[in-house]
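Below, each chain spelled out in residue letters.
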Amino acid sequence: MRSLDSRERESRLLTEECHRLANENHRLKTASGAPRAPALPTGEEPPLPPEVLRLMVAGTDDALWFVEAGRRAAESLTTLLAKHGVALHQLHSILDFGCGCGRVIRHLRHLPAELHGCDSNPVAVEWCADNLPFARFAVNALQSPLDYDANSFDLVCALSVFTHLPERLQAHWMSEMRRVLKPGGLLVVSLHGDALRGKLTRAERADYRAGRLVVRGGDLVGTNHCAAFHPPAFVRSDFALGFEVLEHAPEGATGNPPQDAWLLRKV
Ligand SMILES: C[S@@+](CC[C@H](N)C(=O)[O-])C[C@H]1O[C@@H](n2cnc3c(N)ncnc32)[C@H](O)[C@@H]1O
């Protein structure tokens, strides 16, 4: 396992790269006729975010994986909802919380719903706002109310987001998810579950087995180096407070492997 120092160093390097990219974005936008982002091979799809953004958000800069796994993530939403008689195309408003550089929301672009995405990473959000015109994007702070009214959304998805939040932010963001959902609204979250038990240290595994949330790198908040592991028992007893658990699909978040997918309904 890498040391905290090396993860901190990597995180700092990514942050610096993020600022470099922001400046480069700005330079490209202000230079006349300059391209804004690399285009995908087919003219049908939105452009691909730059490598560094894909790496920062998805952990790999593989363009094919970005597109295909994003598509699978959108399909997993469809499948999960369909099992409970809900069709994505019947929804009026959808929020992708922690949307990153739009890996998933790009595959929802044909839906009639009003689409929103938000993230704490301003560079990712800026790229989405510039390149994905079918949705509205906003930056949020690491811990603050979202800039949406209460009872706004039929569906909120948070794929691979609570997997990277420290303990103190888990309850805050779950209550915020609940606030912005309409009564009876649906929340899909993907979480590190039993499939990742093998990655835990012996002490972490003991906590996990006892039904306690395990967080590693909790000081690296806002980065993927903070990793949270949610035992199913903890999800049911604590995490999903104020929600009814409709579905727990172990490793069911097929676009965020091997995470579990959870479908929750606001009560
Ligand atoms: C592993 S990425 C997943 C991105 C996207 N959901 C996907 O599946 O491609 C985690 C994302 O969560 C975002 N994030 C972390 N903490 C956040 C917070 N407090 N509020 C909003 N977004 C957050 C990160 O900036 C990052 O874009």
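Residues numbered from 1 in each chain as written. Predicted model: local features only at pLDDT ≥ 70, side-chain atom pairs only at ≥ 80, totals over all residues.

### Concerning the overall build of the protein
- Along the backbone of the protein there are seven helices and nine strands.
- Across the 267 residues of the protein, 38% fall into the buried class.
- Looking at the protein alone, contacts between residues at least 24 apart form 61% of all its contacts between residues at least 6 apart. (Helix = DSSP H or I, 4+ residues; strand = E, 2+ residues; numbered from the N terminus. Buried ≥ 20, exposed ≤ 12 C-beta atoms within 10 Å, placed from the backbone. Contact = placed C-beta atoms within 7 Å.)

### Some details on the environment of D219
- One can find D219 in the loop between β6 (214-216) and β7 (227-229).
- For D219, a count of 13 C-beta atoms within 10 Å gives the class partly exposed.
- Separated by 54 residues in sequence, D219 and L165 place their C-alpha atoms 9.7 Å apart.

### Notes on the sheet that holds strand β1 (residues 93-97)
- Pairing within the open sheet is mixed, and its seven strands lie in the order β3-β2-β1-β4-β5-β9-β8. In the strand order of this sheet, the two ends are held by β3 (135-139) and β8 (243-249), each with one partner. Ignoring strand direction, the axes of neighbouring strands in this sheet form an average angle of 20°.
- Two elements, strand β5 (residues 181-191) and strand β9 (residues 260-266), share six bridges in a ladder whose sense is antiparallel. The residue bridging L186 from the neighbouring strand is R265, located in β9. (Pairing = 2+ DSSP bridges. Axes fitted to C-alpha atoms, helices over the stretch in contact; angles between N-to-C directions.)

### Some points on the confidence of the model for the protein
- In the predicted model, the protein carries a mean pLDDT of 87, and the fraction of residues at 70 or more is 84%.
- Predicted confidence for residues 1-41 stays below pLDDT 50, and this span has 35 contacts to residues more than four positions away or in other chains. (pLDDT = per-residue confidence, 0-100.)

### Here's the deal with helix α2 (residues 51-58)
- Every buried residue of α2 is accounted for by L53, R54, M56, V57 and A58. For α2, the angular spread of the buried residues around the axis is 165°, confining them to a single face.
- Remark: G59 follows α2 within two positions and exhibits a positive phi of approximately 80°. (Arc of directions from axis to C-beta.)

### Brief notes about unusual backbone geometry
- A cis amide bond links P257 to the next residue, P258, at an omega of -5°.
- Position of P258 among the secondary structure elements: in the loop between β8 and β9.
- The backbone of N151 sits at a positive phi, close to 60°, despite the residue not being glycine.
- Residue position: N151 is located in the loop between β3 and β4 (153-158).
- When the 12 C-beta atoms within 10 Å are taken as the criterion, N151 is described as exposed.
- One non-glycine residue, S160, adopts positive backbone phi at about 60°.
- Since 23 C-beta atoms lie within 10 Å of it, S160 is described here as buried.

### Focus: the nonpolar core
- Counting residues in hydrophobic clusters, the biggest one holds 68 residues, and the most contacted among them are V156, A158, M177, L187 and V188.
- Ignoring any residue separated from it by four or fewer positions in sequence, one finds M177 in contact with F97, V156, A158 and L187. (Core = buried A, V, L, I, M, F, W, Y, C linked by C-beta atoms within 7 Å.)

### Some details on the environment of P250
- Structurally, the position occupied by P250 is in the loop between β8 and β9.
- Placed 11 residues apart in sequence, P250 and A261 show a C-alpha to C-alpha distance of 6.4 Å.
- Residues contacting P250, with those up to four places away along its chain left out, are G193, D194, A195 and D260.

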